[in-house]
Amino acid sequence: MRSTCLEHGPAWLTSPVMKYVIVVALSLLAACGRGIPETARIVVAGDSVMAWNRSAGASVADGLQARLGEPVGDVSLSLAQVAGGWSAWNIPTQLEGLRAEWVVLNGGANDLSTGCTCSSCGAVLDRLISDDGERGAIPDLVANLRARGSQVIWADYYTAPRYAGTTCEAPYQVLEQRLGRMAHADAGVTLVDLDDVFLPDDRSLFAADRLHPSQKGSARIAGQIAPLLAR
């Protein structure tokens, strides 16, 4: 979603490089306030689906904290990738050294959007997770968390209005199938399908960009996950 000043400003301001710098700067600002309370048994990680609405106190982690009545950590960050990204923009790095009872996370969309087109994503999907769900950056991350004693809830993406009915749905359907095989192999991993509570034609669940969750959408995600985390 672009602002008026970016659309009509001088050429240097509207260049792709400058736009990227601005997005990164905004992400750094959004990162303020992220962290893990000392007593938190639950930590949220991942990309913008998890981080969205944080500045309004209405992110997924905020919703979980309100529903469960306990502190919830949040290290998610917009633009984060599973197999790429730098520093906190790499989801495994977000969780480096973390020991928590529960980790709620997502990821893969930014890997797909930067690494392939909607019709040729096989190599990126394989890098994220193999067809049998046993190898790749996602299973490696989940296995690492499980070895540290965490139970994992992986939130599979909803279908956003921007891409509903297009060829861009196909890679995410493959990703979901592979994630399901991974979760099936480990009782400590739960796959939550956000399509169960999101319909792409319900625009009240989406931000103005028709991609990210609205505050209502973030609350819907928290509401779907919270019962799995209740003591």
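Above this text you will find the structure in question.
First things first, this report covers the structure right here in the doc.

What counts, and at which threshold
- Residues numbered from 1 in each chain as written.
- Predicted model: local features only at pLDDT ≥ 70, side-chain atom pairs only at ≥ 80, totals over all residues.
- Heavy atoms only, no water.
- Axes fitted to C-alpha atoms, helices over the stretch in contact; angles between N-to-C directions.
- Helix = DSSP H or I, 4+ residues; strand = E, 2+ residues; numbered from the N terminus.
- Left-handed = near helix turned anticlockwise from the far one by under 90°.
- Contact = heavy atoms within 4.5 Å.
- Nonpolar A, V, L, I, M, F, W, Y, C, P; charged D, E, K, R; others polar.
- Core = buried A, V, L, I, M, F, W, Y, C linked by side-chain atoms within 4.5 Å.
- Buried < 20%, exposed > 50% of the residue type's maximum accessible area, 1.4 Å probe, protein only.
- Phe/Tyr/Trp six-rings, centres within 6.5 Å; stacked < 30°, edge-to-face > 60°.
- Pairing = 2+ DSSP bridges.

## Some remarks on the packing of helix α9 (residues 137–147) against helix α10 (residues 169–184)
Orientation of α9 relative to α10, taken along the N-to-C sense of each, is 30°, at an axis distance of 11 Å. At the point where α9 passes α10, the crossing takes the right-handed sense. In this structure, α9 uses Ile138, Pro139 and Val142 to contact α10, whose residues at the interface are Leu175, Leu179 and Met182. Of the residues that constitute the contact of α9 with α10, the class distribution is six nonpolar, no polar and no charged.

## Structural notes on the nonpolar core
Counting 56 residues, the largest nonpolar core has Leu64, Leu95, Leu105, Ile138 and Ile225 as the members making the most contacts within it. If we skip the residues at most four places from it in the chain, leucine 64 touches Val44, Gly69, Val72, Ala222, Ile225, Ala226 and Leu229.

## Some remarks on the packing of aromatic side chains
Aromatic ring pairs: the centre-centre distance and the angle between the two ring planes describe each pair. The full count for this structure, using the stated rule, is five aromatic pairs. Ring geometry for tyrosine 158 versus phenylalanine 198: centroids 4.5 Å apart, planes at 15°, classification stacked. On the criterion of sequence distance, the pair formed by tyrosine 158 in the loop between β4 (151–156) and α10 and phenylalanine 198 in the loop between β5 (189–193) and α11 (215–229) is long-range, its members being 40 residues apart. The residues tyrosine 158 and phenylalanine 198 share a single accessibility class, namely buried. Residues tyrosine 158 and phenylalanine 206 carry aromatic rings whose centres are separated by 5.4 Å and whose planes lie at 80° to one another, so their mutual orientation is edge-to-face.

## What to know about the sheet that holds strand β3 (residues 102–105)
Read across the open sheet, the five strands follow the order β2-β1-β3-β4-β5; overall the sheet is parallel. The sheet is open, and its two borders are formed by β2 (72–74) and β5, each paired with just one other strand. For this sheet, the mean angle separating the axes of adjacent strands, direction not counted, is 20°. By the bridge criterion, three bridges tie strand β1 (residues 42–45) to β2 in an arrangement that is parallel. Paired with valine 44 across the bridge in β2 is aspartate 74. Against the sheet, helix α5 (residues 60–68) touches β1 and β2, its axis set at about 175° to β2. The strands touched by α11 within the sheet are β1, β3, β4 and β5, with β5 carrying the most contacts at an inclination of about 155°.

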